[in-house]
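Results of the structural survey
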Amino acid sequence: MLNILIVGSGGREHAMAWKIKQSTKLNQLFIAPGNAGTSLLGTNIPVGVSDFDGIKRAVIENQIDLVLAGPEVPLCEGLHDFFSSDEQLKAVRFVGPQKLGAQLEGSKDFAKEFMMRHQIPTAKYLAVTSENLLEGLAFLKTMAAPYVLKADGLAAGKGVLIINDLLEAEDSLKEMLDGQFGSASSKVVIEEFLSGIECSVFAITDGKDYRILPVAKDYKRIGEGDTGLNTGGMGAISPVPFADEIFMKKVEDRIIRPTVEGLRKDDIPYNGFIFFGLISCGGEPMVIEYNVRMGDPETEAVMLRIKSDFVDLLIGAAEGTLSEKNIEIDTRTAAAVMLVSGGYPGDYVKGKAITGLDRIENSMVFHAGTTQKGEVVCTDGGRVLAISSYGENMKEALDCSYKNAQLIGFDGMYFRKDLGFDL
Ligand code: AMP
Ligand code: GLY
C-alpha cells in the first residue's frame, strides 16, 4: 500500500487522482497543489510544482512512496534529478523523466535531432539561432507555404507560428530570435508543413519496456470547426476511428519502439509517460512533437478507458518492472468536453461561482481550474471543468457530456458543441 503524491493542479491531475483512487494498492493520496476537485479524492498540499523544497517537505511529512509528476515544467526543471540526488528522497519512486529525457519536450531541436538519429518519421527542419540567421532565411525560401516556426523551448503551448506569407515568415523568424517568446525562442526550429489529421498517442515506459495507453484526439482551437485561437484543449475523444489497428501498428513499429530503443541507445534514462503528438499524412504517421507527460484534456478521456490498476503501471514504470504489467483497455468510447471562462484564451475573469455540480448524472466532472471558497466552488482559470462520459460510440459519449454540460452554469461559460465533427 503506497502513499502517492501527484504534482500538478489541472484536469489531467484530477483525472489521474480519480483513477489512482480506485487502486487497491493506494494507501493515502496527496495532490500538490491540486484544486477543488482533487480535494474530494485526497489531501491537497499548498505547494507549487516548481517549489522543490516544498515538495520535499511534503514527501517527508506524509511518508510518500511514489511521486507522479503531471506537467512538464517541473520535469524540465529537474524535479526527478532533485529526488535522485537527495539522500532523503532517492528511495522514493518517481514517475516522470529526468531533465535530460525531458528535453524531448523542453527543446524542439533536441527532439528533432533525436528523431533524425533514430530514423523516426517527422517533418524536415532546420534549427536557427542568431548565428545562422542567413541560413535560416535561405532555408525558408526553399520551402513552400505555409511556414512553420517553433520556439525551441517551453512556451506554454504558444510557441508555434504557422504563417502563409514568406515575407511575414522571415520577419517572424527575426522577431522570435529577438525574444518574442523570451529565451524560449533564442533558437527557432523551422519545419516543413505537414497536412493531415492529428491524434495523441501515449505510452508509459520504464526505459526498457512500454505499454501503449488509449489513443485520443484533442481539439485545440477555441472556435467550432477548428477556428480561432489555440487553447490548452477544448475537449478530447478516445478512441480515434482513423487510428485503427493498421495505423497503430505503424505507430508502434516506426515511432514508439524506435523512441524507447533510441533513449536506451543514447543512454537517456527515462521512466514515465511519452506523449507522441502525431499527424496522419495519408495514413502514414509522422511525429509533430514529443511531450514527456500525459496530455490535457486527453487524460480526462484516456483514464476512463484504462481498466487495469493504474498504480500497478506507475509502479512498473518507476521500478523497471513494466514487463510484468499488463494494460487492459475498455472498448467503450470516452469523451471529455471542456467548459471554459468567457474570453479564454484571451483575457477572462476568475472567481465566478459554479452552479449545478450536484446535478451531474452518468458523467465525471474533472476540475481544471477551480478553487473552493467556503461552500462555493469558483472558477480559477481559463479552462474550468472537463465533463467526461462513456458511450457505446462517440455520439453517445458526447451526448452524455453535453447533456450534463447544460446543467452546469457560471458567468461567461463557453464550450464547443461540435467535438468529433472531423472523425
Ligand atoms: P506543437 O507545439 O509542436 O505541437 O505544435 C502545435 C500545433 O501546431 C500542432 O498541434 C499542429 O496542429 C501544428 N503544427 C506543428 N508542427 C506542424 C507541422 N510541421 N505541420 C503542420 N502543422 C504543425
Ligand atoms: N492536449 C495537448 C497537450 O496536452 O499538450
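The following paragraphs examine the structure supplied in this document. These numbers come from a predicted model, not from an experiment. (Residues numbered from 1 in each chain as written. Chains lettered and ligands numbered in written order. Predicted model: local features only at pLDDT ≥ 70, side-chain atom pairs only at ≥ 80, totals over all residues. Heavy atoms only, no water.)

1. With respect to the packing of helix H7 (residues 133-142) against helix H8 (residues 166-177)
Packing of H7 against H8 leaves a shortest axis separation of 10 Å and a crossing angle of 150°. Viewed along their axes, H7 and H8 adopt a mutual orientation that is roughly antiparallel. In the packing of H7 onto H8, the handedness of the crossing is right-handed. Residues Leu-133, Gly-136, Leu-137, Leu-140 and Lys-141 of H7 touch H8, and the partners they reach there are Leu-166, Ala-169, Glu-170, Leu-173, Lys-174 and Leu-177. The class makeup of the residues in the contact of H7 with H8 is seven nonpolar, one polar and three charged. (Axes fitted to C-alpha atoms, helices over the stretch in contact; angles between N-to-C directions. Helix = DSSP H or I, 4+ residues; strand = E, 2+ residues; numbered from the N terminus. Parallel < 35°, antiparallel > 145°, perpendicular 65-115°, else oblique. Left-handed = near helix turned anticlockwise from the far one by under 90°. Contact = heavy atoms within 4.5 Å. Nonpolar A, V, L, I, M, F, W, Y, C, P; charged D, E, K, R; others polar.)

2. Quick notes on the packing of aromatic side chains
Summed over all chains, the structure comprises twelve aromatic pairs. Ring centres 4.8 Å apart and planes at 65° place the aromatic pair Phe-202 and Phe-275 in the edge-to-face group. Here Phe-202 is found in strand S11 (residues 197-205), whereas its partner Phe-275 is found in strand S17 (residues 272-281), with 73 residues between them in sequence. Comparing Phe-202 with Phe-275, the two get one shared label, buried. Three or more aromatic residues joined by ring pairs form one cluster here, namely Phe-52, Phe-82, Phe-83 and Phe-94. Between Lys-217 and the ring centre of Tyr-219, over which it is positioned, the NZ or CZ distance is 4.4 Å. The ring of Tyr-390 carries Arg-332 above its face, with NZ or CZ at 3.8 Å from the centroid. (Phe/Tyr/Trp six-rings, centres within 6.5 Å; stacked < 30°, edge-to-face > 60°. Buried < 20%, exposed > 50% of the residue type's maximum accessible area, 1.4 Å probe, protein only. Lys NZ or Arg CZ within 6 Å of the ring centre and 35° of its normal.)

3. What to know about the site of ligand 1
Taken together, 13 residues sit near ligand 1, with Glu-191, Glu-192, Leu-194, Glu-198 and Glu-289 positioned nearest. Between an oxygen atom of ligand 1 and a side-chain N or O atom of Lys-108, the distance comes to 3.1 Å. Between ligand 1 and the protein, one listed contact pairs a nitrogen atom with a side-chain N or O atom of Lys-150 at 3.0 Å. Tallied by class, residues from the shell around ligand 1 come to six nonpolar, no polar and seven charged. (Near = heavy atom within 4 Å. Polar contact = N/O pair within 3.5 Å; in protein donor to acceptor, adjacent residues only side chain to side chain.)

4. Things to note about empty space enclosed by the protein
Counted by the stated rule, this structure contains one cavity of 30 Å³ or more. Taken as a whole, the largest cavity encloses approximately 70 Å³ of empty space. Lining the largest cavity are Leu-104, Glu-105, Ser-107, Lys-108, Ala-111, Lys-112, Met-115, Lys-150, Glu-191, Ile-288, Glu-289 and Tyr-290. For the lining of the largest cavity, the secondary structure elements donating two or more residues are helix H5 (99-106), helix H6 (108-117) and strand S18 (284-291). Broken down by element, the lining of the largest cavity gets its largest block of residues, four residues, from H6. (1 Å grid on protein atoms, 1.4 Å probe; cavity = no way out; pocket = protein on both sides within 12 Å on 5 of 7 lines; lining within 4 Å. Points joined across faces, edges and corners; volume = space filled by probe spheres on them.)

5. Regarding the pairing of strand S6 (residues 125-128)
Burial along S6 is two-sided: Tyr-125 and Ala-127 facing one way and Leu-126 and Val-128 facing the other are all buried. Relative to strand S10 (residues 188-191), S6 is paired through four bridges, and the arrangement is antiparallel. Paired with Tyr-125 across the strands is Glu-191, a residue of S10. (Pairing = 2+ DSSP bridges.)

6. Some points on the layout of surface pockets
Here the second largest pocket is characterised by a volume of approximately 200 Å³. Taken together, Tyr-210, Arg-211, Ile-212, Leu-213, Pro-214, Val-215, Pro-239, Met-248, Glu-252, Arg-305 and Ile-329 make up the lining of the second largest pocket. Of all elements in the fold, only strand S12 (210-212) and helix H9 (245-265) reach the threshold of two or more residues within the lining of the second largest pocket. For the lining of the second largest pocket, the leading source of residues is S12, giving three residues.

7. Thoughts on the environment of Lys-90
Checked against the element boundaries, Lys-90 lands in the loop between helix H4 (79-84) and strand S5 (93-95). The exposure class of Lys-90 is partly exposed, given its relative accessible area of 47%. Distance in space between the C-alpha atoms of Lys-90 and Cys-400 is 45 Å, their sequence separation being 310 residues. Those residues in contact with Lys-90 that sit more than four places away from it in its chain are Phe-83 and Ser-84. One polar contact links Lys-90 to Glu-87, side chain to side chain, over a distance of 2.9 Å.

All quantities given are derived from atomic positions and should not be read as evidence of function.
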